[in-house]
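Residue-level listing of the chains:
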Amino acid sequence: MTKKFVEEAPYHPGYEDAGFKSSTSPVAAELDSFRKSNSRYLNFANVIVDFCASEQLKHSLK
């Protein structure tokens with residue numbers, strides 16, 4: 001019976017990732033916070049690398 005409902009269900013493009021905005025899984029919330037924290041650390045590391053590369057370029061041009 002359920003298979004029949006699935007076959008007859010209309011397809012609505014754009015609703016593949018639909019979810020409830022008011023409810024969030026605790027695991028998903030924790031993963032999201034880790035992802036944001038990791039992104040901040042990587043962005044800061046990129047700033048350090050860019051600074052070191054620019055300093056090295058300054059010294060090699062002298």
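Residues numbered from 1 in each chain as written. Predicted model: local features only at pLDDT ≥ 70, side-chain atom pairs only at ≥ 80, totals over all residues. Heavy atoms only, no water.

Draft legend 1. Expanded view of the overall build of the protein. From N to C terminus, the protein includes 2 helices and 0 strands. Looking at the protein residue by residue over its 62 residues, the buried ones come to 2%. Total accessible area on the protein stands at roughly 6300 Å², and carbon and sulfur atoms take up 63% of it. (Helix = DSSP H or I, 4+ residues; strand = E, 2+ residues; numbered from the N terminus. Buried < 20%, exposed > 50% of the residue type's maximum accessible area, 1.4 Å probe, protein only. Areas by Shrake-Rupley, 256 points an atom, 1.4 Å probe, with all protein chains shown as cover.)

Draft legend 2. Region of interest: the pattern of salt bridges. Under the defined criterion, the tally for this structure stands at 3 salt bridges. The partner of Asp32 in a salt bridge is Arg35, and the shortest N-O contact between them spans 2.1 Å. Taken together, the positions of Asp32 and Arg35, both in helix H2 (residues 26–61) and 3 residues apart, correspond to about one turn of that helix. Residue classification places Arg35 among the exposed positions, given a relative accessible area of 54%. Between Asp32 and Lys36 there is a salt bridge, with its nearest N and O atoms 3.3 Å apart. With a gap of 4 residues between them, Asp32 and Lys36 both fall in helix H2, about one helical turn apart. Lys36 gets classed as partly exposed once you look at its relative accessible area, which sits at 47%. The network of salt bridges with common partners includes Asp32, Arg35 and Lys36. (Salt bridge = Lys/Arg side-chain N within 4 Å of Asp/Glu carboxyl O.)

Draft legend 3. Molecular detail of a nonpolar patch on the surface. On the surface, Val27, Leu31 and Phe34 cluster together into a nonpolar patch covering about 330 Å² of accessible area. With respect to the element layout, Val27 can be found in helix H2. Using a relative accessible area of 54% as the deciding quantity, one classes Val27 as exposed. (Patch = residues over 30% accessible without salt bridge, like charges linked within 9 Å, V, L, I, M, F, W, Y side chains within 5 Å.)

Draft legend 4. Focus on H2. With 36 residues, H2 should cover 52 Å at 1.5 Å per step; its first-to-last C-alpha distance of 53 Å lies within 8% of that length. Sparse coverage of H2 is indicated by the burial of 1 of its 36 residues. (Expected span 1.5 Å × (residues − 1).)

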